[in-house]
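One-letter residues, chain by chain:
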Amino acid sequence: MAGRDPVNPMWGGRFCQEPDTLIQEMNASISYDQRLYRQDIRGSIVHARMLARQGILSEEDMKAIEQGLLAIEQEIEAGTFPFATELEDIHMNIEARLTDTIGPAAGRLHTARSRNDQVATDLRLWLRDAIDGIVECLEALQVTLVRGAADHAETILPGLTHLQNAQPVTLGHHLLAYVEMLERDKGRLNDTRRRGNMCPLGAAALAGTSFPIDRAFTAGELGFEGPMANSLDAVSDRDFVLEFLAAASIAGVHLSRLAEELVLWSSQQFGFITLPDALATGSSIMPQKRNPDVAELIRGKVGRILGGLVGLLTVIKALPLAYAKDLQEDKEPLFDAADTLRMALIVMTDIMQHITINSEAMRIAAGHGHTTATDLADILVQEHNLAFREAHHIVGELVKEADRRDCSLDTVPPDALEAIHPLLTPAIQRRLTLEASVKSRSSFGGTAPNEVQRQVELWKTRLHIS
Ligand code: ARG
């Protein structure tokens, strides 16, 4: 079709048919990769400077390119940039606009680079910042939990195994369990950031370039650790995205467990916490309802992050080297996971700051289910030198008797006690309090208020909480 404008100003030279709109839509990533504009512009400016330093681009062209790119950044920020689906992605949208604004010099920017190394660079730059933001959110949640732990080092609730009452624990201890998990989440994200902080730019399409470029300069200017050492790897792997999705999935799973506990704890059956009005919702049919929708949504939205991980693993699995357009599918799951995790963390922090703890309900619940049975067995072992198995058996008999009488271990009458074993006395029975139970578990990492307080102090120092 001679005389007609090329289908695509960037690569349209040898094509003659306008792609059908659906194909165009499928091919385009601009609707979501436009959020890479800052990274794209930053990468282009550094690339242009490197080309000029190496004598590949004139100083004058470099300056025009830089000015033009900065003006485009402002346009995008002001919302006046004319995004075009025909131009596929953020890279070509910006380059085309640069041509409009500065003329032919714009065409020199793409020397010694390709969209393949460009997009990989943009994404690594983007992920670096995204991780920093998420780590901050993780830390804010940790701070809230540590404060809660400080307030509730002595608050007693039933510790569960198999969702059955097991032993009394302190709420501070329970909250600090999540602080530990979140710390490892931060570690995984920071590891991802460190390993991913290498620069693909200059790998060009896949094989490197014949131009005398300075990849170390580019990498340094962009704050990367160094240039990636293999151009095929640089343009074709997305393991840094996978690592992020894996780390985000684990963090999300931790959050979903906390969310689930909030759902359980706010139910009538538990009644351990009350959600503030702003975080609970009513039912359109049942006037009495107060639903923990927000916690449920945190629990539910984590599914998107896990889906993103499996989805992208599947995209990359068995993909031959080097770049293939399948890799464009990396962005939506990445962006969605980062957005979702961030949102879930911020909302969870808000919830944890505003829930009301019903300490009395927790305490009453902790007294159900003979939760001090292990304490009694421990006393028999420690003070009367019984073998633990024997002590376990004796206490088991006492539990049976208490159940038969529908009473607690400490209210089984003295004659019934004695009939089970002479070591079971009212004096020993009186020691079976919840407070004594948690206080006794003072081993390193245990639930005793003293140990919780000690851990709280460590966390306060570590997280710079005053
Ligand atoms: N939008 C593309 C992506 O996200 C950029 C790279 C395109 N490269 C290509 N050879 N078609 O992967």
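Our subject is the structure that appears above.
Predicted model, so just to flag it, every value in this text is computed and none were measured.

Another aspect to go through is the pattern of salt bridges. What the rule picks out here adds up to 31 salt bridges. The shortest N-O distance in the salt bridge between Arg 195 and Glu 243 comes to 2.8 Å. Taken together, the residues span a long stretch of sequence, with Arg 195 in helix H7 (residues 171-196) and Glu 243 in helix H10 (residues 239-265) at a distance of 48 residues. You can call Arg 195 exposed: its relative accessible area is 53%. Relative accessible area serves as the criterion here: at 23%, Glu 243 is assigned to the partly exposed category. Notably, a salt bridge pairs Lys 400 with Glu 397, separated by 3.8 Å at the nearest N-O pair.

So, on to the packing of helix H6 (residues 115-151) against H10. Between H6 and H10, the least distance of the axes is 11 Å, while the angle of their chain directions is 20 degrees. The angle between the axes of H6 and H10 places the two elements in the roughly parallel class. For the pair H6 and H10, the crossing hand works out as left-handed. In this structure, H6 contributes Ala 120, Leu 123, Arg 124, Leu 127, Ile 131, Ile 134 and Leu 141 to the contact, and H10 contributes Asp 239, Phe 240, Val 241, Phe 244 and Leu 255.

Once that is clear, we can look at the site of the ligand. Every residue near the ligand is listed here: Ser 29, Asp 89, His 91, Arg 115, Asn 116, Val 119, Tyr 323, Gln 328 and Lys 331. Measuring from a nitrogen atom of the ligand, one finds a side-chain N or O atom of Arg 115 at 3.4 Å. Lys 331 places a polar side-chain atom, nitrogen or oxygen, 2.5 Å from an oxygen atom of the ligand. Here the ligand has 340 Å² of accessible area as a free molecule, and 86% of this is covered by the chains. Considering every element that reaches the shell around the ligand, the biggest residue donor is H6, with three residues.

This brings us to the pairing of strand S1 (residues 156-161). Alignment of S1 against strand S2 (residues 164-170), held across six bridges, turns out to be antiparallel. From the neighbouring strand, Ile 156 faces S2, where its bridge partner is Thr 170. Linking two consecutive strands that pair antiparallel, namely S1 and S2, is a turn of two residues; a positive phi of about 55 degrees is found at His 162 within it.

By convention here, two paired aromatic rings are described through the distance between centres and the angle between planes. Per the stated rule, a full pass over the model turns up four aromatic pairs. Judged by centre distance (6.1 Å) and plane angle (50 degrees), the rings of Trp 265 and Phe 272 are tilted. Classification of Phe 272 by relative accessible area gives buried; the value is 3%. Positioned over the ring face of Phe 240 is Arg 124, at 4.0 Å from the centre of the ring. Just above the ring of Phe 224 sits the side chain of Arg 128; from NZ or CZ to the centre is 4.9 Å.

Right, let's talk about unusual backbone geometry for a bit. As a rule of thumb, non-glycine residues mostly have phi less than zero, and peptide bonds are mostly trans rather than cis. Between Leu 321 and the following residue, Ala 322, the backbone shows a cis peptide bond with an omega angle of 0 degrees. Structurally, Ala 322 can be placed in the loop between helix H11 (293-316) and helix H12 (331-354). Even without glycine at this site, Glu 88 takes up a positive phi of about 60 degrees. Looking at the element boundaries, Glu 88 is found in the loop between helix H4 (59-78) and helix H5 (90-102). Of note in the backbone geometry, His 370 takes a positive phi value of approximately 50 degrees without being a glycine. Here His 370 lies in the loop between helix H13 (359-367) and helix H14 (373-384). Taking relative accessible area as the criterion, His 370 reaches 16% and is therefore assigned buried.

The subject of this paragraph is the layout of surface pockets. Quantified by volume, the largest pocket comes out at close to 440 Å³. Contributing to the lining of the largest pocket are 25 residues, with Pro 158, Gly 159, Leu 160, His 174 and Glu 261 lying nearest its centre. Of all the elements in the fold, those that place two or more residues in the lining of the largest pocket are S1, S2, H7 and H10. Tallied by class, residues from the lining of the largest pocket come to 14 nonpolar, seven polar and four charged. There is about 320 Å³ of room inside the second largest pocket. If you go around the second largest pocket, you meet 15 residues; those closest to its centre are Ser 266, Ser 267, Gln 268, Arg 290 and Asn 291. Tallied by class, residues from the lining of the second largest pocket come to five nonpolar, seven polar and three charged.

Conventions used here
- Every chain's residues receive numbers from 1 upward, in the order its sequence appears when written.
- In keeping with the predicted nature of the model, local features appear solely for residues at pLDDT of at least 70, side-chain atom pairs appear and are counted solely at 80 or more, and the whole-chain, interface and lining totals rest on all residues.
- In computing side-chain properties, one takes all heavy atoms of the structure into account and sets aside hydrogens as well as water.
- What makes a salt bridge here is a side-chain nitrogen of Lys or Arg within 4 Å of a carboxyl oxygen of Asp or Glu, nothing more.
- Labels follow the DSSP assignment, with helices taken as runs of H or I lasting at least four residues and strands as runs of E lasting at least two, numbered in each case from the N terminus.
- Throughout this description, buried means an accessible area under 20% of the type-specific maximum (1.4 Å probe, protein chains only), exposed means over 50%, and partly exposed covers the range between.
- Each axis is a line fitted through C-alpha atoms, and for a helix only the stretch in contact is used; angles between axes span 0 to 180 degrees, taken between their N-to-C directions.
- Small angles under 35 degrees read as roughly parallel and large ones over 145 as roughly antiparallel, with 65 to 115 read as roughly perpendicular and the rest as oblique.
- Should the near helix be turned counterclockwise from the far one by less than a right angle, the crossing is left-handed, whereas a clockwise turn marks it as right-handed.
- By definition, residues are in contact when any of their heavy atoms lie within 4.5 Å.
- Only heavy atoms are used to decide nearness, and a residue is near a molecule or strand if one of them lies within 4 Å of it.
- We define a polar contact as two N or O atoms separated by no more than 3.5 Å, with the added condition that, inside protein, one atom must be a possible hydrogen donor and the other a possible acceptor, whereas residues neighbouring each other in sequence contribute only through side-chain atom pairs.
- Accessible surface area values rest on a Shrake-Rupley calculation with a 1.4 Å probe, where residue burial reflects the displayed protein chains alone.
- Note: two strands are recorded as paired if DSSP finds a minimum of 2 bridges between them.
- Any two of the Phe, Tyr and Trp rings considered here, Trp counted by its six-membered ring, make a pair once their centres fall within 6.5 Å; the pair's planes then place it as stacked at under 30 degrees, edge-to-face at over 60, or tilted in between.
- A ring is scored as having a charge over it whenever the NZ atom of a lysine or the CZ atom of an arginine sits within 6 Å of its centre and within 35 degrees of its normal.
- In this analysis the probe radius is 1.4 Å and the grid spacing 1 Å, with only protein atoms considered; a cavity is a set of points the probe fits into but cannot get out of, a pocket is an open set with protein on both sides within 12 Å along at least five of seven lines, and lining residues have an atom within 4 Å of a point.
- Grid points are joined across faces, edges and corners, and a volume is the space filled by probe spheres set on the points.
- Basically, the charged four are Asp, Glu, Lys and Arg, the nonpolar ten are Ala, Val, Leu, Ile, Met, Phe, Trp, Tyr, Cys and Pro, and anything else, Gly included, counts as polar.

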